[in-house]
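# Summary of structural features
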Amino acid sequence: MKILNKTLEILLGVVVAVMVAGCFWQVFTRFVLNSPSKYTEELLRYLLIWMTMLGVPYAYGKDSHLSINLVTRSFSEKGMLMTKIGIEVLILFLSVFVMIAGGWIVTMNSSGQISPALHMPMELYYLCVPIGGVMMVVYCINRLWGFVKEWKKGASTADVGMSGNQGQKEGK
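So, here's what we can say about the structure. From a predicted model like this one, the values you see are computed outputs, not experimental measurements. (Residues numbered from 1 in each chain as written. Predicted model: local features only at pLDDT ≥ 70, side-chain atom pairs only at ≥ 80, totals over all residues. Heavy atoms only, no water.)

### Digging into helix H3 (residues 77-109)
Residues spaced three or four apart along an α-helix face the same direction, because each turn holds 3.6 residues. Taking 1.5 Å of rise per residue, 33 residues should cover 48 Å, and H3 covers 46 Å from first to last C-alpha, within 8% of that figure. The sharpest bend along H3 reaches about 30° and sits at serine 95. Among the residues of H3, Leu81, Ile85, Glu88, Ser95, Met99, Gly103 and Thr107 are the ones counted as buried. (Helix = DSSP H or I, 4+ residues; strand = E, 2+ residues; numbered from the N terminus. Expected span 1.5 Å × (residues − 1). Bend = angle between axes of the 7 residues up to and from the residue. Buried < 20%, exposed > 50% of the residue type's maximum accessible area, 1.4 Å probe, protein only.)

Listed below in structure tokens is the structure:
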């Protein structure tokens, strides 16, 4: 996961830097040269889409995504763990069926289309959805595995604690 995180950090940093340079160039050509660039607006739009589709799995994997815990913070530790596992299963389902399968269908439907300004195949722009979905699945499986291990660890600790208590009660 460290390699994937570092790769995404670098890639997202490059995308942001290119977006800043492109935005600067667009402003410069529009207001200084009085002849706006034809390409930067489309480039920035598609870079923003790619940054979003790569940034979502990155934030999710780092557990930096937005979450509302108003209700769940009152749960017991076991209830919180069960909720986390349920959420991970739901995210895994949505990532596979919506982002990967649905994203692949949209990507294939765009076959043969060319972007208006950059004249790039539209598949390159839509491909970010299934790629982001695959990364979501990788992060989700990693997180789910950690929660299941935590669940098993808690269950085995509870079993040891219960058998120890029973032995003390029987001994008295």
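### Let's talk about the nonpolar core
If you look at the biggest cluster of nonpolar residues, it comprises 10 residues: Leu8, Leu12, Leu54, Tyr58, Tyr60, Met99, Met135, Met136, Tyr139 and Cys140. Counting residues per element, the ones that place at least two in this core are helix H1 (2-31), helix H2 (40-61) and helix H5 (128-171). No other element matches H5, which puts four residues into this core. The contact partners of methionine 135, leaving out residues within four places of it in the chain, are Leu4, Leu8, Leu54 and Pro57. (Core = buried A, V, L, I, M, F, W, Y, C linked by side-chain atoms within 4.5 Å. Contact = heavy atoms within 4.5 Å.)

### Looking at a nonpolar patch on the surface
Nonpolar side chains collect at one region of the surface, where Leu90, Phe93, Leu94, Val96, Phe97 and Val98 lie side by side and expose about 560 Å² of accessible area between them. According to the relative accessible area criterion, phenylalanine 93 is partly exposed, its value standing at 48%. (Patch = residues over 30% accessible without salt bridge, like charges linked within 9 Å, V, L, I, M, F, W, Y side chains within 5 Å. Areas by Shrake-Rupley, 256 points an atom, 1.4 Å probe, with all protein chains shown as cover. Salt bridge = Lys/Arg side-chain N within 4 Å of Asp/Glu carboxyl O.)

### A word on the environment of threonine 7
Looking at the secondary structure, you find threonine 7 in helix H1. Given a relative accessible area of 45%, threonine 7 falls into the partly exposed group. For threonine 7 and tyrosine 58, which are 51 residues apart along the polypeptide, the C-alpha to C-alpha distance reads 9.9 Å.

### What to know about the side chain of arginine 143
Looking at the element boundaries, arginine 143 is found in helix H5. Judged by its relative accessible area of 15%, arginine 143 falls in the buried class. A polar side-chain atom of arginine 143 sits 3.2 Å from the main-chain carbonyl oxygen of tyrosine 60. Here glutamate 88 takes part through its side chain, which lies 3.1 Å from a polar atom of the side chain of arginine 143. (Polar contact = N/O pair within 3.5 Å; in protein donor to acceptor, adjacent residues only side chain to side chain.)

### Side note on the pattern of salt bridges
In the structure shown here, the tally under the stated rule is five salt bridges. A salt bridge links glutamate 88 to arginine 143; the nearest nitrogen and oxygen atoms lie 3.1 Å apart. Taken together, the residues span a long stretch of sequence, with glutamate 88 in helix H3 and arginine 143 in helix H5 at a distance of 55 residues. One continuous salt-bridge network, built from bridges that share partners, spans Lys6, Glu9 and Lys62.

### Describing the packing of H1 against H2
In the contact formed by H1 and H2, the axes pass within 10 Å of each other and the chain directions differ by 155°. It follows that H1 is roughly antiparallel to H2 by the angle criterion. Two packed elements cross with a definite hand, and for H1 against H2 that hand is left-handed. (Axes fitted to C-alpha atoms, helices over the stretch in contact; angles between N-to-C directions. Parallel < 35°, antiparallel > 145°, perpendicular 65-115°, else oblique. Left-handed = near helix turned anticlockwise from the far one by under 90°.)

### Quick notes on the packing of aromatic side chains
As enumerated under the stated definition, the model contains four aromatic pairs in all. Each ring, one from phenylalanine 93 and one from phenylalanine 97, has its centre 4.8 Å from the other, and the planes form 50°; the classification is tilted. Of this pair, phenylalanine 93 and phenylalanine 97 both sit in helix H3, four residues apart, which is roughly one turn of that helix. These aromatic residues form a ring-pair network of at least three members: Phe24, Trp25 and Phe28. (Phe/Tyr/Trp six-rings, centres within 6.5 Å; stacked < 30°, edge-to-face > 60°.)

### A word on unusual backbone geometry
Negative phi values dominate among residues other than glycine, just as trans dominates among peptide bonds. Despite not being glycine, aspartate 63 has its phi angle at roughly 60°, a positive value. Summarising the element assignment, aspartate 63 is placed in the loop between H2 and H3. Located in the positive-phi region is histidine 119, a residue other than glycine, with phi close to 55°. Secondary-structure assignment places histidine 119 in the loop between H3 and helix H4 (122-126). Residue histidine 119 is classed as exposed on the basis of its relative accessible area, which comes to 56%.

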